[in-house]
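Secondary and tertiary structure notes
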Protein chains: 2
Amino acid sequence: MPNDKEKEFVKEIPSKKDNFSDWYTSVVLKAELADYAPVRGCMVIRPYGYKIWENMQSLLDRRFKETGHENAYFPLFIPESFLQKEAEHVKGFSPQVAWVTRGGDEDLTERLAVRPTSEAIICSMYSKWVKSYRDLPVLINQWCNIVRWEKTTRLFLRTTEFLWQEGHTLHRTREEADEEAIKMLNVYVDFVENEMAIPLVYGRKTESEKFPGALHTYSIEALMPDGQALQAGTSHNLGQFFSKAFDIKYLDDDNTEKFPWGTSWGITTRMIGALIMTHGDDKGLRLPPRIAPVQIVIVPILFGKDDDKVIAKAKEIYEVIRKDYRVYLDDRLEYTPGWKFNEWEMRGVPLRVEIGPKDILKEQVVFVPRDGTGKKFIKEAELKDSVGKILIDIQNNLFNSAKQVLRSKISEASTIEEFNKKIGEIPGFIKVFWCGSQQCENELIDKTKTTPRCIPLDQKIKGKCIICGKETETTIYYARAY
Amino acid sequence: MPNDKEKEFVKEIPSKKDNFSDWYTSVVLKAELADYAPVRGCMVIRPYGYKIWENMQSLLDRRFKETGHENAYFPLFIPESFLQKEAEHVKGFSPQVAWVTRGGDEDLTERLAVRPTSEAIICSMYSKWVKSYRDLPVLINQWCNIVRWEKTTRLFLRTTEFLWQEGHTLHRTREEADEEAIKMLNVYVDFVENEMAIPLVYGRKTESEKFPGALHTYSIEALMPDGQALQAGTSHNLGQFFSKAFDIKYLDDDNTEKFPWGTSWGITTRMIGALIMTHGDDKGLRLPPRIAPVQIVIVPILFGKDDDKVIAKAKEIYEVIRKDYRVYLDDRLEYTPGWKFNEWEMRGVPLRVEIGPKDILKEQVVFVPRDGTGKKFIKEAELKDSVGKILIDIQNNLFNSAKQVLRSKISEASTIEEFNKKIGEIPGFIKVFWCGSQQCENELIDKTKTTPRCIPLDQKIKGKCIICGKETETTIYYARAY
């Protein structure tokens, strides 16, 4: 039976269903993922949260390198005149810029933007480096911090400073650039679905929603349990806009000078917010094994009798599995097993392995997976194999149950009335046919208080635009969004 | 024989001996390690240079984790009032701070420092997290960018923005904090000597040279070929100064409130500058295998006859060694072997493996190690073993030859005259006895135009202070410094 302190530990989190917003903040703080910083809109990513980011980095970085990209580092500061070179770009970002106006003891003659994104500074360097078609493609990525002056902020989801990666590439042709933009969209889909176990819809953004300065923007969109969409990553075909603005020219093999075609693409620490919201429950976090800082926690069940034996056996188990998995042996004596169960459930550790005096007699251990599929008794001899199998199961179970939720929250609508009725009943994605006009988009946004999320790629079905009724092959997802 | 273009490739670098400063800049630019950014005092770390940093990060991070540290991330911005809480600290750093005064469309009521170091922001969080002796020690490290408004800058060595890691720890006792500070000093010595192959002197800084706000500062100091010292990393026992300034208190097991003892320690991208200067030669960079982005380059020698066979054999060799080493197969057809030799020597690749038609007949490959020990013919059957052995030899040879240089440039002096004569003849470290007084330190600095570098730990020999003649057990290294 839990004692009073243990009850209190759980009681402190609001219910996910009844008070989603408070639940989210409580889990972030209590699982020690992040904390509020004493700087407007900024957060501190605590070690447990940062380990999730490190695992994300390592899994993404491997994919970037496998697709031929290299990392580099460009300056934090961007002179104001550089930001202004691409007209749409500066219009899109300047309301969000933090400005350095003083350095040491001097006022600066030109103020410096703290990078809100790095197209401007990176393109200025590319114009120096790229001379010949032999220099193409340029395939560079950067891991760094980004600052955007936000009015309202929430831990991980929207913060003044956040961490991200930004890929910036140059290509000889428009087709190559689009191929790259879609390739990296697919890298993101693969990463988010298979490592983070978050199911997605994805596709192209509408003109009004694309990145300032891009030809096309592609995005991945996850659906949170409150029915709101969360844009989880973007990939842009930048066309020749930045090449022209920054005078990046290469001599092609036909001996004429040309502007290369660019892309950029990014994923941020915001994804950690999506991870928490997608999988968490009333006991706290639930982490997919592939991304979890601790995949397995071993808790020896101590009664003050045979404790030495139990601790020795727990250590033996630890040694068997630590080579292949991220394992923590919680042999602290100052906490009860119940307190430890609560703590590690709060922290979302995928698998708890319990071992007590009775288990030793039966030559077994107890598995308690965090996916809710219930206690399992495992023969000690089968421990190693069973651990591998159950972690795969947990990963799949988390993904499949999230996918079921996503599917249940995608509806279709062919009239505004149907749209509003459906989104009222089941908040989520509403898929509609759309003629592609800005006017119809505006009317739909206005009358549903939702925003266009993305246009799935490779569509072939015909239907009628939800607003004007014109025949079209374009469908698009709408939702309320973070 | 090299053709004209090849000669030109080499000719473009000044001699290291005759024009050290230009040689350094040329190598950085031509090996594509870094480039000047269009922002005052900032640099771009290009992919080849960044890979060195990634290797450094991975080798250091492993050591931090093995010594029990975790990574986290704290905000880039520090409110001015926070910097001011520790009096020495603000005095030391405020002349170098870049200030954000405007965010979005509003002037800030309190300006924000772009972190010149993170003690202030991190300690403000620790005061929230640390309550009990059970919360100690706190062992956190951060990898991030840092900004210090420098008047004169040089690529890697001194830039307005640089990358580093900063460890920030808290302990119950002064002894524990000092143990930690010295433990991390030793981690740095191990890393720099054994991975980067740069020999060091190390020890404690004098009072006047210590970190603003520290009780003690320890440093590692490398000697550059021009006889100037380069401070390559520091570790500070911060005492209770920051705990008191930021009101970090813990309830000890004797039920009284106490201030914990802090440390901080850091190594920066500046180390890459030391790496270049220590090992490079008139052909360019020379990289120790353990840190080199490419450890081995395979160059097929193509004469337009049997080329397919040679390329096939080069690929075979590549497949044999790529699993265990970082290998690049340079099978580009548009460049001559001579051009490739020059390029990879410039980039400092430790081992070149050549394979031509004659070598195939003899079932051999040619090893050309970058340490200058000369061509070796290796039986193909012994390839794998030989690669492993020669990389270890190259690592040792680079370290030993740098160590010989360092030893030859350490002198001792017992009078000012002897000091100035010796440093005039062989610029380097001069070791002197010192009574420990500020007055004698000032006089020595003044009369030699050098600075105190560090006081070796655990000294036992007696001698007379070089200035006042008082008997003392303290020796100290002086040098001109970067």
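For clarity, every value in this text was computed on a predicted model and none was experimentally measured.

Turning our eyes to something else, we now look at the overall build of chain A. In terms of regular secondary structure, chain A is built from 15 helices and 25 strands. In summary, chain A has a C-alpha radius of gyration of 25 Å against a globular reference of 23 Å for 482 residues, a match within 12%. Principal axes of the C-alpha set define a box for chain A whose edges measure 80 × 60 × 45 Å. Each of the 482 residues in chain A was classed as buried or not, and the buried ones make up 47%. Residue pairs in contact within chain A that sit at least 24 positions apart in sequence constitute 68% of those at least 6 positions apart.

As a further point, take helix α3 (residues 47-66) of chain A. All names here are of chain A. Across its 20 residues, α3 extends 28 Å between first and last C-alpha, which sits within 8% of the 28 Å expected from 1.5 Å per residue. For α3, the complete set of buried residues consists of Gly49, Tyr50, Lys51, Ile52, Trp53, Met56, Leu60 and Phe64. Looking one or two places after α3, you find Gly68, whose phi comes out positive at around 90 degrees.

Pro137 of chain A follows Leu136 of chain A through a cis peptide bond whose omega is -5 degrees. Here Pro137 of chain A shows up in the loop between α6 (119-129) and β7 (138-147). Here Asp247 of chain A, not a glycine, exhibits a phi torsion of approximately 55 degrees, which is positive. Tracing the chain through its elements places Asp247 of chain A in the loop between α8 (241-245) and β12 (250-251). Positive phi, close to 55 degrees, is recorded for Lys449 of chain B, a residue that is not glycine. For Lys449 of chain B, the location among the structural elements is in the loop between α15 (438-448) and β22 (451-454).

This brings us to the sheet that holds strand β18 (residues 364-369) of chain A. All names here are of chain A. Taken together, five strands build an open sheet; the order of strands is β16-β15-β17-β18-β19 and the sheet is mixed. The open sheet has two edge strands with one neighbour each: β16 (327-329) and β19 (376-379). Direction aside, neighbouring strands of the sheet carry axes that sit 25 degrees apart on average. Here strand β15 (residues 296-300) pairs with β16 via three bridges, running parallel.

Once that is clear, we can look at the relation of the copies chain B and chain A. Of the transformation superimposing chain B on chain A, the axial component is 0.0 Å and the angular component is 180 degrees, with the fit at an RMSD of 0.0 Å. On the angle and the small slide along the axis, the relation comes out as a two-fold axis. Using C-alpha coordinates, one finds that chain B approaches the rotation axis most closely at Val100 of chain B, a distance of 2.1 Å. When the interface residues of chain B are mapped onto chain A, 100% of them are again interface residues, pointing to one common binding face.

Right, let's talk about the pairing of strand β19 (residues 376-379) of chain B for a bit. All names here are of chain B. Sheet topology note: the strand β18 (residues 364-369)/β19 ladder contains four bridges and is antiparallel. Looking at the pairing, Gln364 lines up with Lys379 of β19. Between β18 and β19, which pair antiparallel in sequence order, lie six residues; one of them, Gly372, sits at a positive phi of approximately 85 degrees.

Now for the sheet that holds strand β20 (residues 410-412) of chain B. Residues and elements named next belong to chain B. Taken in spatial order, the four strands line up as β20-β21-β25-β22 in an open sheet, and their pairing is mixed. If you trace the sheet from one side to the other, it starts and ends with β20 and β22, each paired once. Taken over all neighbouring pairs, the strand axes of this sheet differ in orientation by 40 degrees on average, direction set aside. Bridge analysis of β20 against strand β21 (residues 429-433) gives three bridges, and the strand direction is parallel. Directly across from Glu412, in β21, lies its bridge partner Lys431.

Residues and elements named next belong to chain A. Looking at chain A, the domain boundaries give domain 1 (32-279), domain 2 (296-390) and domain 3 (410-479). Relative to domain 3, the C-alpha centre of domain 1 lies at a distance of 28 Å. Listed by partner, the interface residues are 16 residues for domain 1 and 13 residues for domain 3. If you list the elements that add at least two residues to the side of domain 1 that touches domain 3, you get β9 (201-204) and β10 (216-223). A per-element tally of the side of domain 1 that touches domain 3 places β9 first, with four residues.

Let us now look at the interface of chain B and chain A. Interfaces are frequently sized by the accessible area removed from exposure as the parts join. Taken together, the contact pairs 41 residues of chain B with 41 residues of chain A. Residue contributions to the side of chain B that touches chain A peak at six residues, all from strand β5 (residues 98-103) of chain B. Residues belonging to the side of chain B that touches chain A are distributed by class as follows: 27 nonpolar, seven polar and seven charged.

All names here are of chain A. Here β18 shows a buried face lined by Val365, Phe367 and Pro369 and an unburied face lined by Gln364, Val366 and Val368. Two strands pair when backbone bridges link them, and strand β17 (residues 351-355) and β18 are joined in this way by four bridges, in the antiparallel orientation. Paired with Leu351 across the bridge in β18 is Pro369.

Below, the discussion takes up the environment of Glu354 of chain B. Residue and element names in this part refer to chain B. Its location among the elements puts Glu354 in strand β17 (residues 351-355). For the pair Glu354 and Phe303, spaced 51 residues apart in the sequence, the C-alpha separation amounts to 13 Å. With near-sequence residues (within four places) excluded, Glu354 lies in contact with Val299, Ile301, Val365, Val366 and Val368.

Turning our eyes to something else, we now look at the packing of helix α10 (residues 307-321) of chain A against helix α13 (residues 383-408) of chain A. Residue and element names in this part refer to chain A. Look at α10 against α13: their axes get within 10 Å of each other, and the N-to-C directions meet at 65 degrees. Crossing geometry of α10 relative to α13 is assigned as right-handed. In this structure, α10 uses Ile317, Val320 and Ile321 to contact α13, whose residues at the interface are Leu383, Lys384 and Val387. Residues belonging to the contact of α10 with α13 are distributed by class as follows: five nonpolar, no polar and one charged.

Residue and element names in this part refer to chain B. Among the secondary structure elements, Trp164 is positioned in strand β8 (residues 161-171). In this structure Trp164 comes out as partly exposed when scored by C-beta crowding, with 17 C-beta atoms within 10 Å. Residues Trp164 and Thr269 lie 105 residues apart in sequence; the distance between their C-alpha atoms is 6.2 Å. Aside from chain neighbours lying at most four places away, what touches Trp164 is Ile146, Gly266, Ile267, Thr268 and Thr269.

Right, let's talk about the environment of Gly227 of chain B for a bit. Inspection of the secondary structure assignment puts Gly227 of chain B in the loop between β10 (216-223) and β11 (229-239). Excluding its chain neighbours within four sequence positions, the residues that come into contact with Gly227 of chain B are Lys409, Pro427, Gly428 and Arg480 of chain B.

On to the confidence of the model for chain A. The share of residues in chain A with pLDDT of 70 or more is 98%, and the mean pLDDT across the chain is 95. On the interface metric, ipTM, the complex scores 0.95, and its pTM is 0.95.

Definitions and limits used
- Residues numbered from 1 in each chain as written.
- Chains lettered and ligands numbered in written order.
- Predicted model: local features only at pLDDT ≥ 70, side-chain atom pairs only at ≥ 80, totals over all residues.
- Helix = DSSP H or I, 4+ residues; strand = E, 2+ residues; numbered from the N terminus.
- Rg over C-alpha atoms; globule rule 2.2 N^0.38 Å.
- Buried ≥ 20, exposed ≤ 12 C-beta atoms within 10 Å, placed from the backbone.
- Contact = placed C-beta atoms within 7 Å.
- Expected span 1.5 Å × (residues − 1).
- Pairing = 2+ DSSP bridges.
- Axes fitted to C-alpha atoms, helices over the stretch in contact; angles between N-to-C directions.
- Least-squares fit on C-alpha atoms with pLDDT ≥ 70 in both.
- Domains from an automatic or database assignment.
- Nonpolar A, V, L, I, M, F, W, Y, C, P; charged D, E, K, R; others polar.
- Left-handed = near helix turned anticlockwise from the far one by under 90°.
- pLDDT = per-residue confidence, 0-100.

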